[in-house]
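One letter stands for each residue in the lines below.
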Amino acid sequence: MEQQLDYAAVRAAADRIAGAVRPVAVAPAADGVWYALEHLQHTGSFKARGARNFLAAHHKAGTLPPAGVTIASGGNAGLACAWAARDQAVPATVFLPANAPRVKVERLRGYGADVRLVGDRYAQALAACEEFAADSGALSSHAYDHPLIAAGAGTLLDEIRAALPGLDAVVVAVGGGGLFAGVATAARAHGVRVMAAEPENCRALNAALLAGRPVDVAVDSVAADSLGATRVSADALAAAQEPTVRSVLVPDAAITAARRALWEEHRIVVEAGAATAVAALRAAPEPLGERVAVILCGANTDPGDLAS
């Protein structure tokens, strides 16, 4: 099934996922700044949008096999894939390393996924997932690098615009680039500027911009569990090369401080990846506009360290 990432794809995704995902709530945070509370989404992150769109599109096209869908991910993408598969009443087989946290394994099983624990590294789980897909005929999903996944994530932008007419800019954290690519694609259609925020040591998009092509990067950050992609998608790089996009890097100390500030000032608990977007805005040398939205993209985190 041929797909491309453009604004038409984002609009089509919005139609497919309508009624199946929670419309994003937008709350005032400071003068001229609002938080898009996507951490309240099903499965605790924006990933539910892309997963639902991916499976719904294949179901409608008649390309969703009896073997269902498979993915290698113990994180937010795996949870979203399992949730969307359950909603579509198709099997989900999720591969992850045997040393994955038990809480993630149990959450995946809670969504009805067949969890396969393989090896002690993600690469081994991915290889097993690919072998399973080839043998079973299951549909392979990806955490971020697919137009349907990115288009689903991009539906956030129009929901934010509906809540904030006259939106000037949006701040989004970047890992592999699915959320960023979708949001930036929709933003470009409406003249909304985008700040792409990455940790200094998880900089797949920033490095790709410098190199002019996606390149592998080392990953070492407090936000690596959700933003730790070693390579950004080609769609994300293309979106970032638009003049309305600014790539920003923030240190781990600023991310940790932003996450704690969200808790102390608003009683909002998010993962470090979501706090990366807040940290980028806090460090901005000048306002991004009169109406700026910061996407709080996920809340799958242990809040224990915030209570001290």
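Structural data are supplied above this passage.
In this report, we go over the structure that sits alongside the text. (Residues numbered from 1 in each chain as written. Predicted model: local features only at pLDDT ≥ 70, side-chain atom pairs only at ≥ 80, totals over all residues. Heavy atoms only, no water.)

1. What about the side chain of N53?
Part 1: Inspection of the secondary structure assignment puts N53 in helix α2 (residues 47–61).
Part 2: Note on N53: relative accessible area 0%, which makes it buried.
Part 3: In this structure, N53 is in contact with A13, R16, I17, L148, A151 and G152, ignoring residues within four places of it in sequence. (Helix = DSSP H or I, 4+ residues; strand = E, 2+ residues; numbered from the N terminus. Buried < 20%, exposed > 50% of the residue type's maximum accessible area, 1.4 Å probe, protein only. Contact = heavy atoms within 4.5 Å.)

2. Remarks on the pattern of salt bridges
Part 1: Throughout the structure, instances matching the rule amount to 10 salt bridges.
Part 2: Notably, a salt bridge pairs E159 with R49, separated by 2.9 Å at the nearest N-O pair. With E159 in helix α6 (residues 147–163) and R49 in helix α2, this residue pair connects regions lying 110 residues apart in the sequence.
Part 3: Residue class for R49 comes out buried when judged on its relative accessible area of 0%. (Salt bridge = Lys/Arg side-chain N within 4 Å of Asp/Glu carboxyl O.)

3. A few points about the pairing of strand β4 (residues 92–96)
Part 1: Among the 5 residues in β4, 5 count as buried, and that is most of the element.
Part 2: Residues of β4 alternate between two faces, with A92, V94 and L96 on one and T93 and F95 on the opposite face, all of them buried.
Part 3: Pairing analysis gives 4 bridges linking strand β3 (residues 69–72) to β4, with the strands arranged parallel. Note that in β4 the partner of A72 across the bridge is F95.
Part 4: Pairing of β4 with strand β5 (residues 114–117), which is carried by 4 bridges, proceeds in the parallel orientation. Bridge pairing in β5 places V94 opposite V115. (Pairing = 2+ DSSP bridges.)

4. Brief notes about the sheet that holds strand β1 (residues 26–30)
Part 1: With respect to topology, 6 strands assemble into an open sheet ordered β1-β2-β10-β7-β8-β9, the strand pairing being mixed. Both outer strands of the open sheet, β1 and β9 (245–250), are each paired with one neighbouring strand and no more. Taken pair by pair, the neighbouring strands of this sheet meet at an average axis angle of 25 degrees, ignoring direction.
Part 2: Sheet topology places β1 next to strand β2 (residues 33–36); 4 bridges connect them, and they run antiparallel. When the bridges of β2 are listed, A30 appears paired with V33.
Part 3: The strands touched by helix α8 (residues 204–211) within the sheet are β8 (193–199) and β9, with β8 carrying the most contacts at an inclination of about 110 degrees. (Axes fitted to C-alpha atoms, helices over the stretch in contact; angles between N-to-C directions.)

5. Observations regarding the nonpolar core
Part 1: In this structure, V171, L179, F180, V294, I295 and L296 are the most contacted members of the largest nonpolar core, which totals 73 residues.
Part 2: It is helix α12 (residues 272–283) that contributes the most residues to this core, 8 residues altogether.
Part 3: With residues up to four places along the chain from it excluded, the contact list for I295 reads A36, E38, L156, I160, V170, V171, V172, L179, V183, A274 and A277.
Part 4: In this structure, A51, I71, A85 and L96 belong to the second largest nonpolar core, which totals 31 residues. (Core = buried A, V, L, I, M, F, W, Y, C linked by side-chain atoms within 4.5 Å.)

6. Examining the side chain of T155
Part 1: In this fold, T155 is placed in helix α6.
Part 2: Look at T155 and you get buried, because its relative accessible area is 4%.
Part 3: Residues contacting T155, with those up to four places away along its chain left out, are V10, A13, A14, I17 and R49.

7. Topic: the sheet that holds β5
Part 1: Spatially, 4 strands are ordered β5-β4-β3-β6 in an open sheet, and the strand pairing comes out parallel. Each edge of the open sheet is held by one strand with a lone partner, namely β5 and β6 (139–140).

8. Quick word on α12
Part 1: End to end, α12 covers 16 Å across 12 residues, agreeing with the expected 16 Å (1.5 Å per residue, within 8%).
Part 2: A272, G273, A274, A275, T276, A277, V278, A279, A280 and L281 are the residues of α12 that are buried. (Expected span 1.5 Å × (residues − 1).)

9. A short note on the packing of aromatic side chains
Part 1: By the definition in use, this model includes 1 aromatic pair.
Part 2: Seen from their ring centres, F95 and F132 are 5.6 Å apart, and the 55 degrees between their planes marks the pair as tilted. With F95 in strand β4 and F132 in helix α5 (residues 122–136), the pair connects residues that are 37 residues apart, well separated along the chain.
Part 3: Just above the ring of W263 sits the side chain of R267; from NZ or CZ to the centre is 4.3 Å. (Phe/Tyr/Trp six-rings, centres within 6.5 Å; stacked < 30°, edge-to-face > 60°. Lys NZ or Arg CZ within 6 Å of the ring centre and 35° of its normal.)

10. Digging into unusual backbone geometry
Part 1: One non-glycine residue, T43, lies in the positive phi region at around 70 degrees.
Part 2: In this fold, T43 is placed in the loop between β2 and α2.
Part 3: Not every positive phi belongs to a glycine, and R267 is a case in point at roughly 55 degrees.
Part 4: Inspection of the secondary structure assignment puts R267 in the loop between α11 (252–266) and α12.

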